[in-house]
2 protein chains.
Amino acid sequence: MSVEGKKILLPEPTLRRLPWYLAYINMLRTQKVEYVSSTQISRTINVDASQIAKDLSFLNIKGKTRIGYQVEHLSTELSNFLGFHEDHSAFMIGVGSLGSALIQDSGLIQYGLHIVAGFDVDENIVGKNICGVPIYHISTLKEMVEKYQAGIGILAVPVEHAQQSTDLLIECGIKAIWNFTPFRIKVADNIVVQNTSIYAHLAVMYNRINGNK
Amino acid sequence: MSVEGKKILLPEPTLRRLPWYLAYINMLRTQKVEYVSSTQISRTINVDASQIAKDLSFLNIKGKTRIGYQVEHLSTELSNFLGFHEDHSAFMIGVGSLGSALIQDSGLIQYGLHIVAGFDVDENIVGKNICGVPIYHISTLKEMVEKYQAGIGILAVPVEHAQQSTDLLIECGIKAIWNFTPFRIKVADNIVVQNTSIYAHLAVMYNRINGNK
């Protein structure tokens, strides 16, 4: 019943829901709960029970009639599928306020993301380390990609450097970029880009707050 | 030509695109560019020019034929509309790794979010301060909401405390919750919830990386 291969490409909405299920399942796991039904998950997570069953069937996970899903098994399968159990080495590009904050977030390691080095141009930061993570000058990026075998670049530079940093990362062999800037970077089709603009979320929240007033 | 009232509720996709435009416009502004056309924005941002014109027309911002939008005016209008120029007081609930990282991100202040206090139950943290932000025991939440007049609660607690922290925040008068946990919290209709699950984004990125291999 294991997930055959990691190359299953799920619809993004499904992919985004899986971590919600995992978070809830892991909570049940710490509470030593053995089985959970999709109805139960549905009630807590606010997702339709049939949708949950459908999402999990993509991973070949099926519940047993009247018993539901085995919590421990479901947790392991979800976590494996989502890649949280693998090691993904990443570089932090731009070690300003947000960049250094993310380096300090040990939560990322729990989800398989190891920030192994940071890069900046600021001489006050270059040569130092943050929580054991060394900060190098951006000019050394190419040799460091080879040294650390990093595959992911996390972008936390000022907007005006977003595109040029992206181009540099790709030139150095990085294949995936986690973009925390609000800038829409352009890349070739074979490069993975994940945009996480937390400031854009703020705007959405403010607008809703004003709408409720 | 100002935006009449702040109560215009935009479609969320539009709202999410506005900060992208603002980021690009602010970059042009630092470069002393005076006018920009929607075609130009379109080329850099990868959004259809007609979509950009439509999005901006929601805010009553119209470009001039053959000249385009005035950069400085557009920047001010966008920033005002998005609420980035206002002060929004927020509490950080859960001052672990992610919570303290977010407190240290001065970028949030630039977007109008002032984290005025943090709350936790860990006696090693309570009573201290992080970058000048005092950390209180969660049991003092109600009096602190009154003291600081905070309207937003930022949730960065462990999953198993997400719902109970939410309930407490609402009981104390908080009307908006920025949820960084992967847990799907439940609230009444009059409460604003913005989910920002950065770990869910990681899962999406890993899946795409595996698909490209």
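Before reading further, recall that the structure is shown in the block above.
All values derive from a computational prediction rather than experimental measurement.

(A) Local environment of the packing of aromatic side chains. Residue and element names in this part refer to chain B. A complete count under the given rule lists 17 aromatic pairs over all chains for this structure. Ring centres of Phe119 and Tyr136 lie 5.7 Å apart, and the angle between their planes is 40 degrees; on these two criteria the pair is classed as tilted. In this pair, Phe119 is assigned in strand E4 (residues 113-120) and Tyr136 in strand E6 (residues 133-137), connecting sequence segments 17 residues apart. The exposure class of Phe119 is buried, given its relative accessible area of 1%. Ring centres 6.2 Å apart and planes at 50 degrees place the aromatic pair Tyr136 and Tyr148 in the tilted group. Taken as a pair, Tyr136 in strand E6 and Tyr148 in helix H7 (residues 141-148) lie far apart in primary sequence, twelve residues in all.

(B) Layout of the sheet that holds strand E9 (residues 192-195) of chain A. Residues and elements named next belong to chain A. Taken in spatial order, the seven strands make up an open sheet running E5-E6-E4-E3-E7-E8-E9, and their pairing is mixed. The sheet is open, and its two edges are formed by strand E5 (129-130) and E9, each paired on a single side. When strand E3 (residues 88-93) meets strand E4 (residues 113-120), the two strands line up parallel, connected through six bridges. Its bridge partner lying in E4, His88 is registered against Leu113.

(C) Just the pattern of salt bridges, in detail. With the rule as written, the count across this model stands at eight salt bridges over all chains. With a shortest N-O distance of 3.5 Å, A:Arg29 and A:Glu72 are connected by a salt bridge. Taken together, the positions of A:Arg29 in helix H1 (residues 12-30) and A:Glu72 in helix H4 (residues 71-81) put the pair 43 residues apart, joining distant regions of the chain. When the shortest N-O distance is used, the salt bridge between B:Glu12 and A:Arg208 registers 2.7 Å. Here A:Arg208 lies in helix H9 (residues 198-212) and B:Glu12 lies in helix H1 (residues 12-30), a pairing that spans two chains. Each of A:Glu12, A:Arg16 and B:Arg208 takes part in one network of salt bridges that share partners.

(D) Summary view of the packing of H1(A) against helix H3 (residues 49-57) of chain A. Residue and element names in this part refer to chain A. Put simply, H1 and H3 touch, their axes get as near as 10 Å, and they point 105 degrees apart. The angle between H1 and H3 places the two elements in the roughly perpendicular class. Two secondary-structure elements touch here, H1 through Thr14, Arg17, Leu18 and Tyr21 and H3 through Gln51, Ile52, Asp55 and Leu56. When its residues are assigned to classes, the contact of H1 with H3 shows four nonpolar, two polar and two charged.

About the thresholds
- Residues numbered from 1 in each chain as written.
- Chains lettered and ligands numbered in written order.
- Predicted model: local features only at pLDDT ≥ 70, side-chain atom pairs only at ≥ 80, totals over all residues.
- Heavy atoms only, no water.
- Phe/Tyr/Trp six-rings, centres within 6.5 Å; stacked < 30°, edge-to-face > 60°.
- Helix = DSSP H or I, 4+ residues; strand = E, 2+ residues; numbered from the N terminus.
- Buried < 20%, exposed > 50% of the residue type's maximum accessible area, 1.4 Å probe, protein only.
- Pairing = 2+ DSSP bridges.
- Salt bridge = Lys/Arg side-chain N within 4 Å of Asp/Glu carboxyl O.
- Axes fitted to C-alpha atoms, helices over the stretch in contact; angles between N-to-C directions.
- Parallel < 35°, antiparallel > 145°, perpendicular 65-115°, else oblique.
- Contact = heavy atoms within 4.5 Å.
- Nonpolar A, V, L, I, M, F, W, Y, C, P; charged D, E, K, R; others polar.

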